Each structure stands twice: as structure tokens, then as C-alpha cells.
Amino acid sequence: MKERFLPAIVIAVGIALSGVFIYLGIHQFTYRDRAVTVKGLSTRDVQADYVVWPLKFAISGNDLTVLSAELSQEEKLVRDFFTAKGFKEEDISLSNTEVDNNWSGYYDHRPEYHYTVSRSLIISTADVERVIANQGCQAELLEKGVILNSYAWNTKFQYNGLPDLKPEMIEEATKNARAVAQKFADDAQCSLGSIRNASQGQFSVDADDNQPWLMHVRVVTTVDYYLK
């Protein structure tokens, strides 16, 4: 008689254990599916630490030989002007000479001057403050007979200190993300678990429209936390 019921008992125990394992598995799956995704922000306001400042000067005439000599004189005058302002010789370079044929395409009513020759003096320096202080110097050179063109959109302010900022900004963004997740967990009456997944966004460096040497650095991290 006992031998008859033993297989049935074994089957019943097996079914019961299977149910327990299935329950535990579903419970674990449900726990692992409880998560919250949050974002953390970190920002810094910085000033440019390097600048490339192109300054173009040009003269017009009808004799290229004469124009070449006059352009050399203007080049020396402009270079001496900026070294007198405190810029280093090694920070000053010159572009190639450009020659424009003003009569090209004209048959009647040609412009007064046949040629315009021009060069650009380029200041590349870490002395950003000196560049800012001298951006309105065209009037001074005009008094010396030199027309100097400097366009704001051609002046390139740069910030090279981002590698030093990155670690502390990522740390701050991650802390801010955790604070948001903790608030969510508190409101949901559960506890915050470990990180399920995390990703760091791209760093962005945006210049101020009116003062391009002032820049805003920004990074956003996205973090998934388990909720218990």
C-alpha cells in the first residue's frame, strides 16, 4: 500500500517545489524590473584661455610693384603697433598676400583701381585679456593711415581646460542624479538600490553671444537605479 502512494507523494512534492521556485523567480524578476531613470546636470562658467585673432589690411592701386612695396610698409607698421601694445613677436604671424583684379568682369565703368592687395596679421596667444583690451584698436591705426578689418566672427576664442574639469563635473552630475533618484524613491516609499546602468552625455562648450571669451560648460549624465 505504501509503495502505491510513494510515487504520488514524490510528484506532489515536486510540483510544490516547482511552484516555490517559480514564485521566487517571478519575485526576483519583478524586483529587477523596478528601476528609475534620472538625469544629473553639472555646469561651469569659464573664460577662454587662448585666442586666434586675424586682422586684415589692404591697399588698392594700379601698379603691382608699387603696391607690393606699400603693403610691406603697412605690414611693418601694423606689426610694430601690436608689439608696442605688448604682444609677443612669436605670437604674430602673417598670411600669404592676396591679389584681387578689380577690373575682372568689367568692360564699362571700371573701378578706379585695377588691383587690391591684402594680407592678414594673425595673433595667436594665451594672453586673452590683452586681445579683449585691444579689440577696438582700428581707430588708432586709422589715424596712421592704415585701414584694419577685424570681424568678430573670425576671432576664435578657445577653452583648453576641459580635461581638468571633466572628473569633478562628472562626479557632481552623478551626485545630482542620485539625489533626484533618492527623492523619487522616498516619494514612492521604497529604498534606492544599486546602479543598473549609467551613461555620460557629451560635454558642450557654448560661448556667450555678446562676450565670446566667456563660455558655459555643461554635461548631463543619465543613470538607472534599482528600486527595492
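Everything below is about the structure printed above this text.
As the structure is a prediction and not an experimental result, all values here were calculated from the model.

Draft legend 1. Main features of the side chain of serine 120. Residue position: serine 120 is located in strand β5 (residues 115-125). Accessibility expressed as a relative area gives 16% for serine 120, which makes it buried. Ignoring any residue separated from it by four or fewer positions in sequence, one finds serine 120 in contact with Leu55, Lys56, Ser93, Leu94 and Ser95.

Draft legend 2. Inspection of unusual backbone geometry at higher detail. With a phi close to 55 degrees, glutamine 189 is a non-glycine residue in the positive phi region. Along the chain, glutamine 189 turns up in the loop between α5 (162-187) and β8 (192-200). For glutamine 189, a relative accessible area of 77% translates into the label exposed.

Draft legend 3. Examining the side chain of threonine 155 more closely. Mapping threonine 155 onto the fold places it in the loop between β6 (148-149) and β7 (156-158). For threonine 155, a relative accessible area of 8% puts it in the buried group. Not counting residues within four places of it along the chain, the set of residues in contact with threonine 155 comprises Val51, Val52, Trp53, Pro54, Gln135 and Ser150.

Draft legend 4. Geometry of the packing of aromatic side chains. All chains considered together, the criterion is met by five aromatic pairs. Here tryptophan 53 and phenylalanine 82 contribute two aromatic rings whose centre-to-centre distance is 5.7 Å and whose plane-to-plane angle is 85 degrees, an arrangement assigned as edge-to-face. Taken as a pair, tryptophan 53 in strand β2 (residues 50-61) and phenylalanine 82 in helix α2 (residues 64-84) lie far apart in primary sequence, 29 residues in all. Given the relative accessible area of 0%, phenylalanine 82 is considered buried.

So, how was this worked out
- Residues numbered from 1 in each chain as written.
- Predicted model: local features only at pLDDT ≥ 70, side-chain atom pairs only at ≥ 80, totals over all residues.
- Heavy atoms only, no water.
- Helix = DSSP H or I, 4+ residues; strand = E, 2+ residues; numbered from the N terminus.
- Buried < 20%, exposed > 50% of the residue type's maximum accessible area, 1.4 Å probe, protein only.
- Contact = heavy atoms within 4.5 Å.
- Phe/Tyr/Trp six-rings, centres within 6.5 Å; stacked < 30°, edge-to-face > 60°.

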